[in-house]
Amino acid sequence: MDCIPFRWQWEENIRSLTKPPIKDIHDFSGLDLDCIKLENDDAAYKAFDAIRYIQDAVGDEITCGMNFTAPFTVATGVVGVEPFLTACAREPEIAFQVLDFVVQAQCKLAKSFLEAGITVGTSDPVASCTVINPKMYRKYAKPYEMKFAEFCSSYTGRPMSIHICGNTTKILKDVADAGFVTFSLDNMVDLEVAKEKIGDQVHLVGKSGQMSANVIEKHGIPRKDLQSIPDVICHMELRKRI
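Residues numbered from 1 in each chain as written. Predicted model: local features only at pLDDT ≥ 70, side-chain atom pairs only at ≥ 80, totals over all residues. Heavy atoms only, no water.

A. Spatial organisation of helix α7 (residues 191–198). Leu191, Ala194 and Ile198 are the residues of α7 that are buried. Buried residues in α7, looked at end-on, bunch into an arc of 65°, giving them a common side. One side-chain oxygen of the residue at the start of α7 lies 2.8 Å from the amide nitrogen of glutamate 192, identifying that residue as aspartate 190. (Buried < 20%, exposed > 50% of the residue type's maximum accessible area, 1.4 Å probe, protein only. Helix = DSSP H or I, 4+ residues; strand = E, 2+ residues; numbered from the N terminus. Arc of directions from axis to C-beta. Polar contact = N/O pair within 3.5 Å; in protein donor to acceptor, adjacent residues only side chain to side chain.)

Structure, rendered in structure tokens:
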């Protein structure tokens, strides 16, 4: 959302936020929903054009998608991680005000992609239980993930996918119950545990190389018996939901 005064720095072609645009979490005067437009957001506009070029080149051979960071994580970028998480703990009404603004802004930007037939997914790295506890996830992150997902699904007619970094073992059921079609896991999550808890609700994807190594170690499977990742999946009978 470049029309909000974020400060970015580039390092090895990766853009990172150096300073949140809102200095005081109690002062939202710098936030204006009217300025949230695709043409005002340089990064989103470039991504939109790039996806359209790919669509024109490959037609229906592959599906082109755009990932939108989920509202909880975006909120930490708007006001700062520490001020936002402190508000979640001490001033929930302030935290909800930030989240309400962010989800409306996200939906405005996503609308252009959805109307162009571009698949939209989401990721919520700060919502990881490596950063926050399950109670905070359920109160603040999950409801706004669902609001954004419901908006996108109103255009596509189908559920969307989500990725959450870090250890999400304690919230696996929460994510599955939120209605996502695919849950992308980090390698900190035991794939077998995820399969047992939510494998009948959602498709699981993730970093198969590390997951496979974890499975091999846990089950004592001789490496000579495993020629590839599918062998690990076959051994664990996970093929149906991965």
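B. Looking closely at the confidence of the model for the protein chain. With 77% of its residues at a pLDDT of at least 70, the protein chain reaches an overall mean of 82. When the criterion is pLDDT under 50, residues 234–240 qualifies, and its contacts beyond four places in sequence or with other chains add up to 11 contacts. (pLDDT = per-residue confidence, 0-100. Contact = heavy atoms within 4.5 Å.)

C. Layout of the pairing of strand β7 (residues 203–206). As judged from the 4 bridges shared by strand β6 (residues 182–185) and β7, these two strands associate in the parallel manner. Residue pairing in the sheet places serine 184 in a bridge with valine 205 of β7. In this view, the connection linking β6 to its parallel neighbour β7 by way of α7 has right-handed handedness. (Pairing = 2+ DSSP bridges. Right-handed = clockwise from strand over helix to strand, strands pointing away.)

D. Seen up close, the environment of alanine 194. With respect to the secondary-structure elements, alanine 194 resides in helix α7. For alanine 194, a relative accessible area of 0% corresponds to the buried category. With residues near it in sequence (within four places) discarded, alanine 194 still touches Leu172, Leu185, Val189, Gly199 and Leu204.

E. The arrangement of the nonpolar core in detail. Within the largest apolar cluster, 64 residues are counted, with the highest numbers of intra-cluster contacts made by Phe72, Phe84, Phe113, Phe148 and Phe183. If you tally residues by element for this core, the top one is helix α4 (residues 92–115), at 13 residues. Each residue touching phenylalanine 183, except ones within four places of it in the same chain, is listed here: Ile162, Ile164, Thr168, Leu172, Val175, Ile198, Val202, His203, Leu204 and Val205. (Core = buried A, V, L, I, M, F, W, Y, C linked by side-chain atoms within 4.5 Å.)

F. Summary view of the packing of aromatic side chains. Throughout the structure, instances matching the rule amount to 7 aromatic pairs. With 5.2 Å between their ring centres and 90° between their planes, phenylalanine 48 and phenylalanine 113 make a pair best called edge-to-face. Taken together, the residues phenylalanine 48 in helix α1 (residues 42–58) and phenylalanine 113 in helix α4 connect sequence positions 65 residues apart. Taken as a pair, phenylalanine 48 and phenylalanine 113 share a single burial class, namely buried. When the ring of phenylalanine 151 is compared with that of tyrosine 155, the centres are 5.3 Å apart and the planes differ by 55°; the resulting orientation is tilted. You can see phenylalanine 151 and its partner tyrosine 155 sitting in helix α5 (residues 134–156), 4 residues apart, about one turn around the helix. A residue is classified by how much of its surface remains accessible, and phenylalanine 151, at 22% relative accessible area, is partly exposed. (Phe/Tyr/Trp six-rings, centres within 6.5 Å; stacked < 30°, edge-to-face > 60°.)

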